[in-house]
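If you want the building blocks of each chain, they are given just below.
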Amino acid sequence: MGKVKHRRLDQLADLCRQVGDAMQRASVALLDADRAMAEKVISGDAALARARAACEEQLLVTTDLRVVLTAVHAVDTLERMGELALHIARAARRRHPAHVLPDELRAPFADMGQLAITLANTAEQVIRTGDPQLLDFLDDSDDIMDDLHRAVFTAVTRENWPHGVATAVDATVLSQNYERFADHAVSLARRTSAIARGELAA
């Protein structure tokens, strides 16, 4: 039964990789004010939706209700992760040719973007292997993302913030998008790891 589940989870892992790719492109669009990259994320959302539907249909081919429920939740989580990447890409397109972020926030957002990609890639590996040791790495990475999110919030709410309310709101919302992406990646990995090992999800 474990090997069958592994084959079914391969499609879920592929979807996780696609979501990670979308976040990578969205982060480039945000940091570089790259409209073409933003458009790739936005135009690719329809293909991602089709992949989600096909993945869910494939994963439903099982008689184990607990596996079905876990699979449906996993696809739903990946959909939310994809939507967060889409929001970031749309913000970059909306402000183009200007940058959404001031220079002083480029470093923390670059770190958040790279960390989000790492989290998606690690979640993909958990889906494929069920490696429980990777879960600790995901938790630690999520903590780092939380710290980065708090640092952005602290920066935009200080008394001498010089970039205006609109930029502060944009930065806060975008930072929340990355923070939620990280939370979803950890949740996804935890829910699928047992199935990937050939066990039933708790």
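An account of the accompanying structure is given in this report.

Thresholds, definitions, all that
- Residues numbered from 1 in each chain as written.
- Predicted model: local features only at pLDDT ≥ 70, side-chain atom pairs only at ≥ 80, totals over all residues.
- Heavy atoms only, no water.
- Helix = DSSP H or I, 4+ residues; strand = E, 2+ residues; numbered from the N terminus.
- Rg over C-alpha atoms; globule rule 2.2 N^0.38 Å.
- Buried < 20%, exposed > 50% of the residue type's maximum accessible area, 1.4 Å probe, protein only.
- Contact = heavy atoms within 4.5 Å.
- Areas by Shrake-Rupley, 256 points an atom, 1.4 Å probe, with all protein chains shown as cover.
- Axes fitted to C-alpha atoms, helices over the stretch in contact; angles between N-to-C directions.
- Parallel < 35°, antiparallel > 145°, perpendicular 65-115°, else oblique.
- Left-handed = near helix turned anticlockwise from the far one by under 90°.
- Nonpolar A, V, L, I, M, F, W, Y, C, P; charged D, E, K, R; others polar.
- Salt bridge = Lys/Arg side-chain N within 4 Å of Asp/Glu carboxyl O.
- Phe/Tyr/Trp six-rings, centres within 6.5 Å; stacked < 30°, edge-to-face > 60°.

**Observations concerning the overall build of the protein**
Alright, step 1. Along the protein, the regular secondary structure elements total 7 helices and 0 strands.
Alright, step 2. When the helices and strands of the protein are listed from N to C terminus, the series reads α-α-α-α-α-α-α.
Alright, step 3. Taking 2.2 N^0.38 as the reference for a compact globule, 202 residues should give roughly 17 Å; the C-alpha atoms of the protein span a radius of gyration of 18 Å, in line with that estimate.
Alright, step 4. Principal-axis analysis of the C-alpha atoms gives the protein an extent of 60 × 35 × 20 Å.
Alright, step 5. Per-residue burial for the protein yields a buried fraction of 48% across its 202 residues.
Alright, step 6. For the protein, long-range pairs separated by at least 24 residues make up 81% of all intrachain contacts whose partners lie at least 6 apart in sequence.
Alright, step 7. A total accessible area of about 9700 Å² is found for the protein, and carbon and sulfur atoms account for 51% of it.

**Digging into the side chain of N177**
Alright, step 1. Tracing the chain through its elements places N177 in helix α7 (residues 164-196).
Alright, step 2. Beyond its immediate chain neighbours, meaning those up to four positions away, N177 contacts L84, H87 and I88.

**What to know about the packing of helix α5 (residues 106-129) against α7**
Alright, step 1. Running from amino to carboxyl end, α5 crosses α7 at an angle of 15°, the nearest separation of the two axes being 8 Å. In this view, α5 runs roughly parallel relative to α7, as classed from their interaxial angle. Considering only the axes of α5 and α7, their crossing is left-handed.
Alright, step 2. Residue classes in the contact of α5 with α7 are distributed as 18 nonpolar, 5 polar and no charged.

**Here we look at the environment of A74**
Alright, step 1. By the secondary structure assignment, A74 is in helix α4 (residues 65-95).
Alright, step 2. For the pair formed by A74 and T192, sequence separation is 118 residues and the distance between their alpha carbons is 7.4 Å.
Alright, step 3. With residues near it in sequence (within four places) discarded, A74 still touches L12, L188 and T192.

**A word on the pattern of salt bridges**
Alright, step 1. Evaluation of the coordinates by the stated rule reveals 13 salt bridges.
Alright, step 2. Put simply, R94 and D170 hold a salt bridge, and the shortest N to O gap is 3.8 Å. One end of the pair, R94, is in helix α4; the other, D170, is in helix α7, and 76 residues separate them in sequence.
Alright, step 3. Of the charged contacts in the structure, one is a salt bridge between D139 and R190, with a shortest N-O distance of 2.4 Å. A residue pair is termed long-range when its members are at least 10 positions apart, and D139 in helix α6 (residues 133-156) and R190 in helix α7 qualify at 51 residues.
Alright, step 4. Look at D139 and you get partly exposed, because its relative accessible area is 25%.

**Some details on the packing of aromatic side chains**
Alright, step 1. Counted under the stated rule, the structure contains 1 aromatic pair.
Alright, step 2. Aromatic side chains F109 and Y178 sit 6.0 Å apart centroid to centroid with 65° between the ring planes, which places their arrangement in the edge-to-face category. Here the residue F109 occupies a position in helix α5, and Y178 occupies one in helix α7, the gap between them amounting to 69 residues. For the pair formed by F109 and Y178, the shared burial category is buried.

**Digging into the environment of D32**
Alright, step 1. Mapped onto the elements of the fold, D32 is located in helix α1 (residues 2-32).
Alright, step 2. Judged by its relative accessible area of 44%, D32 is partly exposed.
Alright, step 3. Along the primary structure D32 and H184 are separated by 152 residues, whereas in three dimensions their C-alpha atoms are 25 Å apart.
Alright, step 4. Setting aside residues no more than four positions away along its own chain, D32 makes contact with H99 and R106.

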